[in-house]
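# Report on the structure
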Amino acid sequence: MIIRGAPRTGNDGPMKSSLIAVTTGRREVVHDITPQCAEFAGAAGGDGLLHVFVPHATAGIAIIELGAGSDDDLLAALRDLLPADDRWRHAHGSRGHGRSHVMPALIPPYATVPVIGGTLMLGTWQSIAMVDLNVDNPERQVRLSFLSDG
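What comes next is a walk through the structure. (Residues numbered from 1 in each chain as written. Predicted model: local features only at pLDDT ≥ 70, side-chain atom pairs only at ≥ 80, totals over all residues. Heavy atoms only, no water.)

### Concerning the sheet that holds strand E5 (residues 59-64)
To keep it simple, the criterion reads: At least two bridges found by DSSP between two strands are what make those strands a pair. Segments assigned H or I by DSSP are reported as helices when at least four residues long, segments assigned E as strands when at least two residues long, and all are numbered from the N terminus. Structural elements are reduced to axes, namely lines fitted to C-alpha atoms, with helices fitted over the stretch in contact, and the angle between N-to-C directions of any two is expressed from 0 to 180 degrees.
One open sheet accounts for three strands, arranged E3-E8-E5; its pairing is antiparallel. Edge positions in the open sheet fall to strand E3 (29-32) and E5, since each of these has one partner strand only. In this sheet, adjacent strand axes meet at a mean angle of 30 degrees when their direction is disregarded. Of the pairings in the sheet, the one linking E5 to strand E8 (residues 127-132) comprises six bridges and is antiparallel in character. Paired with Gly60 across the bridge in E8 is Val131.

Put into structure tokens, the structure is as follows:
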């Protein structure tokens, strides 16, 4: 996984925004983007809301425990719920590609996290992750937007 990006300059209003690029490879993945979100929120500073949005029809954003097997459990559950077979009417691309278009109804393409003093107010063990089942598109973007309270 490769993540690139820096806060966009010229954001003088109450909202700051940045795009990060994520290279996912050609496999189903759960990508931890918490460090990039924390860095962006810290640079924005103050109190407000961090909105994380993936502008793709086949990816989602999840707040989940990572690194203790939950990411693999999530992918296994999605494989059970959305099998990569020929049942899907949306049938271009790799086998079962249509399931990737259904997944954002279960794992939405956005999440919002409170920020206090430039720090994400995530709970113990919570991380922010991009979930991607689409093996046909290895290049993704995630938009981070910080709306300050003042």
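### Quick notes on the nonpolar core
Note that soluble globular proteins tend to have their nonpolar side chains buried in a common cluster. Let me state the cut-off plainly: By nonpolar core we mean a set of buried residues, namely Ala, Val, Leu, Ile, Met, Phe, Trp, Tyr and Cys, connected to one another through side-chain atoms within 4.5 Å. Note on classification: 1.4 Å probe, protein chains only; a residue is buried when its accessible area is under 20% of the maximum for its type, exposed when over 50%, partly exposed between these limits. We call two residues in contact when some of their heavy atoms are within 4.5 Å.
Ranked by size, the top nonpolar core spans 21 residues in total, and within it Val52, Ile61 and Val142 carry the most contacts. Elements represented by at least two residues in this core include exactly strand E2 (15-23), helix H1 (34-44), strand E4 (48-53), E5, strand E6 (110-116), E8 and strand E9 (139-148). If we skip the residues at most four places from it in the chain, Val142 touches Ser18, Leu19, Ile20, Val22, Ile33, Val52, Phe53, Pro55, Ile61 and Met130. Judged by nonpolar contacts, the second largest core, of 14 residues, contains Leu66, Leu74, Met103 and Val131.

### Notes on H1
Our working definition: Comment: arc refers to directions from the helix axis out to C-beta atoms.
Of all the positions in H1, only Thr34, Cys37, Phe40, Ala41 and Ala44 are classed as buried. Viewed end-on, H1 has its buried residues packed into an arc of 130 degrees, placing them on one side of the element. Relative to its buried face, H1 has exposed residues pointing more than 90 degrees away, namely Glu39 and Ala43. Gly45, located one to two residues past H1, shows a positive phi value of around 70 degrees.

### Examining the pattern of salt bridges
Pairing is possible between side chains of opposite charge, provided their charged atoms come close. Here is the rule: By convention in these notes, a salt bridge is any Lys or Arg side-chain nitrogen within 4 Å of a carboxyl oxygen on Asp or Glu.
This model, assessed by the stated rule, comprises four salt bridges. Measuring nitrogen to oxygen at the nearest pair gives 1.9 Å for the salt bridge that ties Arg99 to Glu28. Taken as a pair, Arg99 in helix H3 (residues 98-102) and Glu28 in the loop between E2 and E3 lie far apart in primary sequence, 71 residues in all. Each member of the pair, Arg99 as well as Glu28, carries the same accessibility label: buried. The salt bridge involving Arg140 is made with Asp132; its shortest N-O contact spans 3.0 Å. Both residues of the pair, Arg140 and Asp132, belong to the buried class. Salt bridges sharing partners connect three or more residues here, namely Glu28, Arg79 and Arg99.

### Structural notes on a nonpolar patch on the surface
Which entries qualify depends on this criterion: Patch membership needs two things, relative accessible area over 30% and no salt bridge, and members are linked within 9 Å if like-charged or within 5 Å if nonpolar (Val, Leu, Ile, Met, Phe, Trp, Tyr). Only the protein chains shown count as covering a residue, and every accessible area follows the Shrake-Rupley method with a 1.4 Å probe.
A cluster of nonpolar residues, Met15, Leu49 and Leu147, forms a patch on the protein surface that exposes about 260 Å² of accessible area. Among the structural elements, Leu147 can be located in strand E9. The exposure class assigned to Leu147 is partly exposed, which follows from its relative accessible area of 40%.

### Notes on the side chain of Thr34
Keep this limit in mind: Any N or O atom pair separated by 3.5 Å or less is treated as a polar contact, with the protein-specific requirement of one donor-capable and one acceptor-capable atom, and with residues adjacent in sequence counted only for side-chain atom pairs.
When you line up the elements, Thr34 lands in helix H1. A relative accessible area of 15% means that Thr34 is categorised as buried. Reaching out from Thr34, the side chain makes a polar contact with the side chain of Asp32 at a distance of 2.7 Å. When near neighbours in sequence (up to four residues on either side) are disregarded, Thr34 contacts Leu120, Leu122, Ser127 and Ile128.

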